[in-house]
Amino acid sequence: MENNNTTNNFKNNFYNDIKQLHLAPLWEVLSNLVTTSPKTKAVPHLWKWENIKKHVLTSGEVISAEEAERRVLILENPGMKGESKITDTLYAGLQLILPGEIAPSHRHTQSALRFIIDGNGAYTTVDGEKTTMLPGDFIITPSWTWHDHGNESDEPMIWLDGLDIPIIQQFTSSFTERLGQKTQIINKPEGDSLARFGSGLLPVNNISLNNKVSPVFSYPYSRTREALEKMKNRDKWDESHGIRLKYTNPLNGGHAIPTMATFMQLLPKSFSGKYSRSTDGTIYCVIEGFGETVIGEEKYNWSKGDVFVVPGWFKFKHNTQEEAVLFSYSDRPVQEMLGLFREEVME
Ligand code: GTQ
């Protein structure tokens, strides 16, 4: 008895002493730190366009784009409330620009992508070049490029914003600046970057082939859709992902954005996909069609404008009623660079 007490006191003293010195015993937390397979607080979730569109539009009556700087409703993962994250490493939001409004020019070290959901012909200006936005278009805002958004059309425009905010947070590398003027100077004609870099040709001179980010700012849906359409009758469908293309940097064939992989995929009518899983939690946005994604054992029924998230290492499969087209993004490039990316098809 006496001996036991002595041992207990000895141990308690040890734990108290080390705590005072900001030391902690690994043996109490090791199995939570180094897990046998990925663990995340993120949960699967589906945001139905028909339920959220009206609230995005109402945000236009609550605050102006200029006052808000960016008028966005964040898509928060229900498992990570208040963290402004949709997965552990990525952010998503729905941004609204009303006719006549301008979201003033700024830049930041976070990279952004825009996937256009609704509206007709608002614009974003990136690094001196204006780009008109149409549904299905994919537009990038590389790290530290000036960008402002505006709407000279007569309809509200809503798009999905994807940013690497949590990654930049992890690396304490967030910087931002405001230009101090609403709009930046436009010094290139519209379509310049696409003409120069997005036609299967590259300028011969003065091009650095190891630029980490694509020099193409805008990947119009018309071209993406045509590529999928041409491929669908000839190519073998992937048993889990249908026909899936990745947006690339034409300088090196890598991902368009260094921190975020971006994809567009076509699923045929009556597709019944095989379960698969991968280490990159992925955000999907529906641009055409109807279907469902089964995440774990739970079914998520989707249609145009819906956004859903599949957290990393959750098994999932897609089924369709109609032919469907899905945009998606994840942190895959970072995992690939670090040699961490894994995926598997489940039997
Ligand atoms: O459009 O620059 O959803 O800076 C969040 C932060 C959009 C933007 C967001 C941003 C932006």
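Above this text sits the structure in question.
As the structure is a prediction and not an experimental result, all values here were calculated from the model.

(A) A look at a nonpolar patch on the surface. Where nonpolar side chains cluster on the molecular surface, the patch consists of L26, V29, L30, L33 and V34 and spans about 460 Å² of accessible area. Within the fold, L26 resides in the loop between α1 (2–20) and α2 (30–33). For L26, a relative accessible area of 45% puts it in the partly exposed group.

(B) Fine view of the sheet that holds strand β6 (residues 122–126). Taken together, the five strands give an open sheet; going across it, the order is β7-β6-β9-β4-β11, and neighbouring strands pair in antiparallel fashion. The outermost strands of the open sheet, each flanked by one partner alone, are β7 (129–133) and β11 (176–178). Sheet twist, expressed as the mean angle between neighbouring strand axes with direction ignored, is 25°. Sheet analysis places β6 next to strand β9 (residues 147–150), joined by four bridges and oriented antiparallel. Within β9, the position partnered with T124 by the bridge is H149.

(C) Inspection of the pairing of β7 at higher detail. Alternating positions in β7 separate cleanly, E129, T131 and M133 being buried on one face and K130 and T132 remaining unburied on the opposite face. Sheet topology note: the β6/β7 ladder contains five bridges and is antiparallel. Looking across to β7, one finds that T124 is bridged to T131. Hairpin connection between β6 and β7: a loop of two residues separates the two successive antiparallel strands, and D127 in this loop has a positive phi of roughly 50°.

(D) The arrangement of the pattern of salt bridges in detail. Scanning the model with the defined rule gives 21 salt bridges in all. For E83, the salt bridge is made with K41, and the minimal N-O distance between the two is 2.7 Å. With E83 in the loop between β2 (72–74) and β3 (91–97) and K41 in the loop between α2 and β1 (45–47), the pair connects residues that are 42 residues apart, well separated along the chain. A single network of salt bridges, built from pairs that share partners, joins R225, E229, K232, E288 and E323.

(E) Spotlight on the sheet that holds β3. An order of β2-β3-β10-β5-β8-β12 is seen for the six strands of this open sheet, with the pairing classed as antiparallel. Each edge of the open sheet is held by one strand with a lone partner, namely β2 and β12 (218–219). Strand direction decides the pairing type here: β3 and strand β10 (residues 157–163), joined by seven bridges, are antiparallel. For I97, the partnering residue across the bridge sits in β10 and is M157.

(F) Looking closely at the nonpolar core. Membership of the largest hydrophobic core comes to 43 residues, with the highest contact counts inside it found for I86, F138, L160, M264, F327 and Y329. With near-sequence residues (within four places) excluded, F138 lies in contact with L113, R114, F217, S218, Y219, Y247, A256, I257, T262 and F327. In this structure, V286, Y300, W302 and L326 belong to the second largest nonpolar core, which totals 13 residues.

(G) Molecular detail of the layout of surface pockets. Roughly 950 Å³ of volume is contained in the largest pocket. Lining the largest pocket are 33 residues, with D88, T89, T279, D331 and Q335 positioned closest to its centre. Taken together, the elements giving at least two residues each to the lining of the largest pocket come down to α2, α5 (165–170) and α8 (332–337). With four residues, the top contributor of residues to the lining of the largest pocket is α5. Classifying every residue of the lining of the largest pocket by side-chain character gives twelve nonpolar, 14 polar and seven charged. The space that makes up the second largest pocket amounts to roughly 400 Å³. Considering the residues around the second largest pocket, the lining is formed by 19 residues, among which Y219, R223, T224, Y247 and T248 are closest to the centre. Elements with a contribution of two residues or more to the lining of the second largest pocket: α6 (192–197), α7 (221–232) and β13 (243–246). Examining the composition of the lining of the second largest pocket, we find that three residues originate from one element, α7, more than from any other.

(H) Layout of the packing of aromatic side chains. Going through the model one piece at a time under the given rule, you end up with twelve aromatic pairs. Summarising the aromatic geometry, the rings of Y219 and Y247 are spaced 5.3 Å apart at their centres and angled 80° between planes, so their arrangement reads as edge-to-face. Taken as a pair, Y219 in strand β12 and Y247 in the loop between β13 and β14 (261–267) lie far apart in primary sequence, 28 residues in all. The same class applies to Y219 and to Y247, which are both buried. The rings of F115, F138, Y219, Y247, F327 and Y329 are connected pair by pair, giving a single aromatic cluster. The lysine or arginine in question, K130, covers the ring of Y123, its NZ or CZ lying 4.2 Å from the ring centre. The ring of Y275 carries the charged tip of K315 above its face, separated from the ring centre by 4.2 Å.

How each quantity is defined
Residues numbered from 1 in each chain as written. Predicted model: local features only at pLDDT ≥ 70, side-chain atom pairs only at ≥ 80, totals over all residues. Heavy atoms only, no water. Patch = residues over 30% accessible without salt bridge, like charges linked within 9 Å, V, L, I, M, F, W, Y side chains within 5 Å. Areas by Shrake-Rupley, 256 points an atom, 1.4 Å probe, with all protein chains shown as cover. Salt bridge = Lys/Arg side-chain N within 4 Å of Asp/Glu carboxyl O. Helix = DSSP H or I, 4+ residues; strand = E, 2+ residues; numbered from the N terminus. Buried < 20%, exposed > 50% of the residue type's maximum accessible area, 1.4 Å probe, protein only. Pairing = 2+ DSSP bridges. Axes fitted to C-alpha atoms, helices over the stretch in contact; angles between N-to-C directions. Core = buried A, V, L, I, M, F, W, Y, C linked by side-chain atoms within 4.5 Å. Contact = heavy atoms within 4.5 Å. 1 Å grid on protein atoms, 1.4 Å probe; cavity = no way out; pocket = protein on both sides within 12 Å on 5 of 7 lines; lining within 4 Å. Points joined across faces, edges and corners; volume = space filled by probe spheres on them. Nonpolar A, V, L, I, M, F, W, Y, C, P; charged D, E, K, R; others polar. Phe/Tyr/Trp six-rings, centres within 6.5 Å; stacked < 30°, edge-to-face > 60°. Lys NZ or Arg CZ within 6 Å of the ring centre and 35° of its normal.

Purely geometric stuff here, so don't read any function into it on its own.
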